Amino acid sequence: MTLHKRVTITDVAVAAGVSVSTVSLVLSGKGRISAATGDRVNAAIERLGFVRNRQAAALRGGQSGTIGLIVRDPGAPFYAGLLAGLIEELERQGRMVLLAPGGRDGHSLVRSAESLLEQGVDGIVIAGYPNSDGTLRERANRAGIPLVYADRASHPDTPDMVSPDNMQAARLLTEHLIGKGHQRIAWLGGRSDSLTRAELLGGFCATLLRYGLPFHSDQVMECESGLQPASDALVTLLRRSAGITAVVCHDVRVATGAWFGLQRVGKSSGVGGLESYYESHIELAAFAYVPEESLEALPVTWVTTPACEIGRAAAWWIVQMGSGAGSDVLGHMEIPGRLAMAVI
């Protein structure tokens, strides 16, 4: 019995003298391919006996039912939540996800996008890589499929993007603290090169000024999102800036570290223990990208913009664009935050 090697899409591309992407476009019926090129590819398909297995579904109605996803760091909590929300929404709409690696620094981004195009996906969602040069957008346009970006921060030069409304979240949290009578509110956490921090801090500062409260640069402290760095930074902040009554924390880990920092200060203050010190002196507030029910049981007021909601929004948008229903809603979709009251 003689076994014959299965003919691949690459074999067809070589025989037709075109790229693999061009063969994929002919098979899916997408993109702008000349009649002559299409005839040449189809002739090679017939001559080689290529079996259009995976592409058969794409030919029926022009869609494969698969969405490509490239994630910068699937193990990071934010992107893990985004991935979960995106898969949940796509499955609800009868779609599947094809995950491709992009590399932490994006070195595999273009190659992965090309691979997804070759698989005949109906659209691509890119999470964690702001559009920097338009190369991927151009390739997606040539293939006739939508491309949506998702990230923790806004990127004004990136079209078709889903992100949290960080400015709104910061306004919401700061107004809540001001409404409770706080007038000396400090900021803790985040790195100076973080765009997410810049957006949150911008909303925080703008809200203070809107209510006529002073902004003191010495009450804004940068630190890593770890328990010990945040605890140390909180202690330093309180010792050098007297009169602070509330602290806005960059994220969950900073808030948790700040709580331990308060415990350290409370134990050394002689004011009847931590609970008494906390209730009479310092209030903590923070931003979270997890659902409210997943938050730590700490005395912290949160504004939550769950990453899973961003993933669901990206999934909804990519499907709408693929069907043509969302083609007039291009731009930037921002997901608002919600206030979750402190657990005391």
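Every value quoted in this text rests on a predicted model; they were computed, and no experiment measured them.

A. Spatial organisation of the nonpolar core. If you look at the biggest cluster of nonpolar residues, it comprises 45 residues, and the most contacted ones within it are V162, I185, W187, F204, V248 and F287. Looking at this core element by element, the count peaks at nine residues for helix α13 (residues 307-323). Each of domain 2 (66-152 + 308-336) and domain 3 (166-304) gives at least three residues to this core. Those residues in contact with V248, other than ones at most four positions away along the chain, are L173, L177, I185, A186, W187, L188, F204, A285 and F287. Membership of the second largest hydrophobic core comes to 28 residues, among which are V247, A255, A288 and W302.

B. The pairing of strand β9 (residues 283-288), seen in detail. Most of β9 is tucked away, with six of its six residues classed as buried. Where burial is concerned, the two faces of β9 agree: the one with E283, A285 and F287 and the one with L284, A286 and A288 are both buried. Summarising the sheet, strand β8 (residues 246-249) and β9 pair through four bridges and their orientation is parallel. Within β9, the residue paired with C249 across the bridge is A286.

C. How the structure looks around the packing of helix α8 (residues 166-179) against helix α9 (residues 195-210). Between α8 and α9, the least distance of the axes is 8 Å, while the angle of their chain directions is 40°. Here α8 is positioned oblique relative to α9, judged by the angle of their axes. The element α8 and its partner α9 pack so that their crossing is right-handed. Where α8 abuts α9, its residues N166, M167, A169, A170, R171, T174, E175 and I178 lie against T196, E199, L200, G202, G203, F204, T207, L208 and R210. Its residues assigned to classes, the contact of α8 with α9 shows seven nonpolar, six polar and four charged.

D. View of the state of the cysteines. Per the counting criterion, the structure on display carries zero disulfides. Lacking any disulfide linkage, C223 is separated from the closest cysteine sulfur, that of C249, by 8.2 Å.

E. How the structure looks around helix α2 (residues 20-28). In terms of burial, α2 is largely enclosed, as eight of its nine residues are buried. All of the buried residues along α2 are V20, T22, V23, S24, L25, V26, L27 and S28.

F. Spotlight on the environment of D165. When you line up the elements, D165 lands in the loop between β5 (161-164) and α8. Distance from D165 to T196, taken between C-alpha atoms, is 9.9 Å for residues 31 residues apart in sequence. The residues contacting D165, other than those within four sequence positions of it, are E334, I335 and P336. A polar atom in the side chain of D165 sits 3.1 Å from the backbone nitrogen of Q168.

G. Up close: the side chain of R137. Positionally, R137 belongs in helix α7 (residues 135-143). Owing to a relative accessible area of 14%, R137 belongs among the buried residues under this scheme. Polar contacts involving the side chain of R137 include one to the main-chain carbonyl oxygen of L147, which spans 3.2 Å.

Basis of the calculations
Residues numbered from 1 in each chain as written. Predicted model: local features only at pLDDT ≥ 70, side-chain atom pairs only at ≥ 80, totals over all residues. Heavy atoms only, no water. Core = buried A, V, L, I, M, F, W, Y, C linked by side-chain atoms within 4.5 Å. Buried < 20%, exposed > 50% of the residue type's maximum accessible area, 1.4 Å probe, protein only. Helix = DSSP H or I, 4+ residues; strand = E, 2+ residues; numbered from the N terminus. Domains from an automatic or database assignment. Contact = heavy atoms within 4.5 Å. Pairing = 2+ DSSP bridges. Axes fitted to C-alpha atoms, helices over the stretch in contact; angles between N-to-C directions. Parallel < 35°, antiparallel > 145°, perpendicular 65-115°, else oblique. Left-handed = near helix turned anticlockwise from the far one by under 90°. Nonpolar A, V, L, I, M, F, W, Y, C, P; charged D, E, K, R; others polar. Disulfide = S-S within 2.5 Å. Polar contact = N/O pair within 3.5 Å; in protein donor to acceptor, adjacent residues only side chain to side chain.

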